[in-house]
Amino acid sequence: MTEVQTCALPISPVQPTCTTLGSLTITGVPGETYSLDNGAYTTTLVYDPLAAGSHTVIALNAAGCNSPASTVTILPSPPVPAAPTISVTQPTCTTLGSISITGGAGETYSFDGGPYQSTTNYGSLAAGPHTFVAQNSSGCFSPSVTINIQPSPPIPNAPSVSPVQPTCTTPGSAVVSGVPGETYSLDGSAFSIITNYN
């Protein structure tokens, strides 16, 4: 009569990470072969990668005896966060650019390779590309997102004005040395292309 071994198999599971699937390693015994999930018996000791779920291993020795089944559970891979959604405010003549992140629960963010933190608003950004990566509570990283902050618009020089003082018969006036593309405001009035004021 065939004798059945009663010892459980020494199996070491490796659970999945954000970027790798799970695996298992059998501590083999000379002369034994192994069946994973009722598959063919082989000398394979490392099974990688493995899908999430329960996996059963049975050993077969040289005498034709089978071990009790050993079952290990491979957990699902931790979720990878989506790339962060970023709203950009480009600079004006008087303010620098800024961004705002629409964050996910439990996420932290890395700005330009810096440490991960919960900050979702970044102001006074220098012109140029800026990169953001999200990290969730499982420690998984999102794809990176790069946004570009434009240079601040140039501030025009003070207009060059030539005044004409009044005489006994004529009121004073002023002439602006105009620059193409500029408009002018006299004493807080609406901006216009007028360069002669009298």
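Each chain has its residues counted from 1, following the order in which its sequence is written. Two thresholds apply to this predicted model, a pLDDT of at least 70 for residue-level local features and 80 or more for giving and counting side-chain atom pairs, whereas whole-chain, interface and lining totals are computed over all residues. Hydrogens are left out, water is left out, and the side-chain values use all remaining heavy atoms of the structure.

## Considering the overall build of the protein
Thinking step 1. Scanning the protein for helices and strands turns up 0 helices and 15 strands.
Thinking step 2. In this setup the radius of gyration rests on C-alpha atoms only. A globule is expected at 2.2 Å times the number of residues raised to 0.38. Against the compact-globule benchmark of 16 Å for 198 residues, the protein has a radius of gyration of 36 Å, which places it well outside the compact range.
Thinking step 3. Considering only C-alpha atoms, the protein reaches an extent of 135 × 25 × 20 Å along its principal axes.
Thinking step 4. Residue burial is assigned from relative accessible area. The probe radius is 1.4 Å, only protein chains are included, and a residue is buried under 20% of its type maximum, exposed over 50%, and partly exposed in between. Within the protein, the proportion of its 198 residues that are buried is 26%. The helix and strand labels rest on DSSP assignments: H or I over at least four residues marks a helix, E over at least two residues marks a strand, and numbering proceeds from the N terminus.

## Observations concerning the state of the cysteines
Thinking step 1. Put simply, a disulfide is two cysteine sulfurs that come within 2.5 Å. Taken as a whole and judged by the stated rule, the model has 1 disulfide.
Thinking step 2. Disulfide partner of Cys-18: Cys-140, at an S-S distance of 1.9 Å. The chirality of the disulfide connecting Cys-18 with Cys-140 is left-handed, given an S-S dihedral of about -85 degrees. Linking Cys-18 in the loop between strand E1 (11-14) and strand E2 (22-26) with Cys-140 in the loop between strand E11 (128-135) and strand E12 (145-149), this pair joins segments that are 122 residues apart in sequence.

## Focus on the sheet that holds strand E6 (residues 70-74)
Thinking step 1. Strand pairing is assigned whenever DSSP identifies at least 2 bridges connecting the two strands. Spatially, the 3 strands line up as an open sheet ordered E3-E5-E6, and their pairing is antiparallel. Across the chains shown, the open sheet's two edge strands, defined by having one partner strand only, are strand E3 (33-36) and E6. Here the strands of the sheet are splayed against their neighbours by 25 degrees on average, with no regard to which way each runs.
Thinking step 2. Two elements, E3 and strand E5 (residues 53-60), share 4 bridges in a ladder whose sense is antiparallel. From the neighbouring strand, Tyr-34 faces E5, where its bridge partner is Ala-59. Throughout, an axis means a line fitted to C-alpha atoms (over the contacting stretch in the case of helices), and angles, computed between N-to-C directions, take values from 0 to 180 degrees.

## Focus: the layout of surface pockets
Over the atoms, a rolled probe matching the size of one water molecule traces out where space is still vacant.
Thinking step 1. Computed over the protein atoms alone on a 1 Å grid, cavities are sets of points where a 1.4 Å probe fits but cannot get out and pockets are open sets with protein on both sides within 12 Å along at least five of seven lines; a residue lines them when it has an atom within 4 Å of a point. Grid points are joined across faces, edges and corners, and a volume is the space filled by probe spheres set on the points. Taken as a whole, the largest pocket encloses approximately 210 Å³ of empty space.
Thinking step 2. Lining the largest pocket are 13 residues, and of these Pro-159, Val-176, Thr-183, Tyr-184 and Ser-185 sit closest to its centre.
Thinking step 3. Throughout, the ten residues Ala, Val, Leu, Ile, Met, Phe, Trp, Tyr, Cys and Pro are labelled nonpolar, Asp, Glu, Lys and Arg are labelled charged, and all others, Gly among them, are labelled polar. Its residues assigned to classes, the lining of the largest pocket comprises 9 nonpolar, 3 polar and 1 charged.

## A word on the confidence of the model for the protein
Thinking step 1. Taken over all residues, the pLDDT of the protein has a mean of 92, while the share at 70 or more is 96%.
Thinking step 2. Here residues 1-7 scores under 50 on pLDDT; set against residues more than four positions off or in separate chains, the count is 12 contacts. Confidence scores labelled pLDDT are given residue by residue by the predictor and lie between 0 and 100. Residue contacts follow a heavy-atom distance rule, with two residues in contact if any of their heavy atoms lie within 4.5 Å.

## Notes on the sheet that holds E2
Thinking step 1. If you trace the 3 strands from one edge of the open sheet to the other, you get E1-E2-E4, paired in antiparallel fashion. A single partner strand is all that each edge strand has here, and the edge strands are E1 and strand E4 (46-50). Each strand axis lies, on average, 15 degrees off the axis of its neighbour in the sheet, ignoring direction.
Thinking step 2. Across 3 bridges, E2 lies against E4 in antiparallel orientation. Its bridge partner being in E4, Gly-22 is matched across the sheet by Leu-50.

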